[in-house]
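# A look at the structure
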Amino acid sequence: MSQQFQIISDSSCDLAPAFAEAHNVKIVPFYVSFDKETYYKEEVELPIRELYQKMADDPELFPKTSLPSIEDYINTFEPFVKEGIPVICICISSKFSGSFNAASNAKNILLDDYPDAKIAVIDSQLVTVLQGLFVTEAVRMQENGLSFEASVEHLERIKDTGRIFFTTADISYLKTGGRIGKLMSVANNALKIKPLILFKEGELFPVGVTRNRKKSLSKVLEQAKKYLTEMDDKIEDYSIISGYGYDEEEGLAYRDMVLEEMKTITEIDSVETFQIGATIGVHTGPHPIGVGILKRYDA
């Protein structure tokens, strides 16, 4: 059977390289810079672990990211377009980055040369592990034999169901990255507090503060459970994932905590965990951690 479509995503999806390779998902990397002059391709030239180590070693280091170029997207799309293979490209929320616009421009340029090409560029309205879960849903559609058109329709339908409940150890990164205005104006200069943050519909919203890490981890999970139990849909219709930054040991322990808590409200036997990548990590610092929720396409 010919390939129904090719899945492409920018690296904000934070999929493990092994998963992307196993499922033939092509990743277009963001760029990371420590000096605003030299830029490294995320994961390709700068492993995320190395980025977090640099941030952990130097609390005054505030790296920046730059989006993939139009040329990056053209170079990724064109081999499939030439073969007549439809392309589905999933991008980070356009409220966070211009990646979606770059991919859309690449699409339009290619359509001049290949007017019959099928290229869908989707503004996922998601970020990091939740975007990864969204890409995973596209993989499931592909493996279940759905057409290009049906898959695009399902992806557009479920993207609004995504939520991330998370915290980080230090809001100074949010302040430096310009994300603190909406989020933590209530915090003023109290940078030692632990923020509780909700991501939905492409944006960040403050949902509380705590004084210590243990309490913030507990509150994040409490908020996720509250959301799941109060919504109209069945909890079983949703996938649940956890994500962490620098500290893998803490991340794996939190994954187990999430699983045990979720077992109290739904029948679930596993929770995956992803490492949060550079695109969001530069805004949260090395210690983001949280829970992502997304409705499955076939629920």
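To be clear, the structure that these remarks concern was listed above.
Heads up: these notes are all about the structure in this document.

## Here's the deal with the environment of Gln6
- You can see Gln6 is positioned in strand β1 (residues 6-10).
- Assessed through its relative accessible area of 0%, Gln6 is described here as buried.
- Residues Gln6 and Lys26 lie 20 residues apart in sequence; the distance between their C-alpha atoms is 8.1 Å.
- A distance of 2.7 Å separates the side chain of Gln6 from the backbone oxygen of Asn24, its partner in a polar contact.

## What to know about the packing of helix α3 (residues 70-82) against helix α4 (residues 99-113)
- The contact between α3 and α4 brings their axes to 8 Å, and the two run at 50 degrees. Here α4 runs oblique to α3, going by the angle between their axes. In the crossing of α3 with α4, the sense of the turn from one axis to the other is right-handed. Facing α3, whose interface residues are Ile70, Tyr73, Ile74, Phe77, Glu78 and Val81, α4 presents Ser99, Ala102, Ala103, Asn105, Ala106, Lys107, Ile109 and Leu110.
- Of the residues belonging to the contact of α3 with α4, the class tally is ten nonpolar, two polar and two charged.

## A few points about helix α6 (residues 148-158)
- Among the residues of α6, Phe148, Ser151, Val152, Leu155 and Ile158 are the ones counted as buried. Burial along α6 is one-sided: seen end-on, the buried residues are contained in an arc of 145 degrees.
- Looking at the packing, one finds that the buried side of α6 touches β6 (87-91), β7 (119-123), α5 (128-143) and β13 (289-295).

## A closer look at the side chain of Thr284
- Residue placement: Thr284 occurs in helix α11 (residues 278-284).
- Excluding residues within four positions of it along the chain, Thr284 makes contact with Phe166, Thr168, Asp170 and Tyr173.

## Some points on the nonpolar core
- Residues Ile88, Phe134 and Leu155 are the most contacted members of the largest nonpolar core, which totals 51 residues.
- Among the elements that make up this core, the one with the highest residue count is α5 (eight residues).
- Ignoring anything within four residues of it in the chain, the contact list for Phe134 reads Ile90, Ile122, Ser124, Leu126, Leu155, Ile158, Lys159 and Leu294.
- Within the second largest apolar cluster, 22 residues are counted, among which are Leu198, Ala224, Ile235 and Tyr244.

## Focus on the packing of aromatic side chains
- As enumerated under the stated definition, the model contains three aromatic pairs in all.
- Stacked on the ring of Phe34, the Lys or Arg Lys54 has its end atom at 5.4 Å from the ring centre.
- Looking at Lys200, its charged tip hangs above the ring of Phe205, at a distance of 5.6 Å from the centre.

## Notes on the state of the cysteines
- The full count for this structure, using the stated rule, is zero disulfides.
- The closest cysteine sulfur to the non-disulfide-bonded Cys89 is located on Cys91, 3.8 Å from its own sulfur.
- You can call Cys91 buried: its relative accessible area is 0%.

## Points about unusual backbone geometry
- Even without glycine at this site, Asn24 takes up a positive phi of about 55 degrees.
- Within the secondary structure, Asn24 is located in the loop between α1 (17-22) and β2 (26-28).
- A positive phi angle, close to 60 degrees, is found at Gln125, a residue other than glycine.

Thresholds, definitions, all that
- Residues numbered from 1 in each chain as written.
- Predicted model: local features only at pLDDT ≥ 70, side-chain atom pairs only at ≥ 80, totals over all residues.
- Heavy atoms only, no water.
- Helix = DSSP H or I, 4+ residues; strand = E, 2+ residues; numbered from the N terminus.
- Buried < 20%, exposed > 50% of the residue type's maximum accessible area, 1.4 Å probe, protein only.
- Polar contact = N/O pair within 3.5 Å; in protein donor to acceptor, adjacent residues only side chain to side chain.
- Axes fitted to C-alpha atoms, helices over the stretch in contact; angles between N-to-C directions.
- Parallel < 35°, antiparallel > 145°, perpendicular 65-115°, else oblique.
- Left-handed = near helix turned anticlockwise from the far one by under 90°.
- Contact = heavy atoms within 4.5 Å.
- Nonpolar A, V, L, I, M, F, W, Y, C, P; charged D, E, K, R; others polar.
- Arc of directions from axis to C-beta.
- Core = buried A, V, L, I, M, F, W, Y, C linked by side-chain atoms within 4.5 Å.
- Phe/Tyr/Trp six-rings, centres within 6.5 Å; stacked < 30°, edge-to-face > 60°.
- Lys NZ or Arg CZ within 6 Å of the ring centre and 35° of its normal.
- Disulfide = S-S within 2.5 Å.

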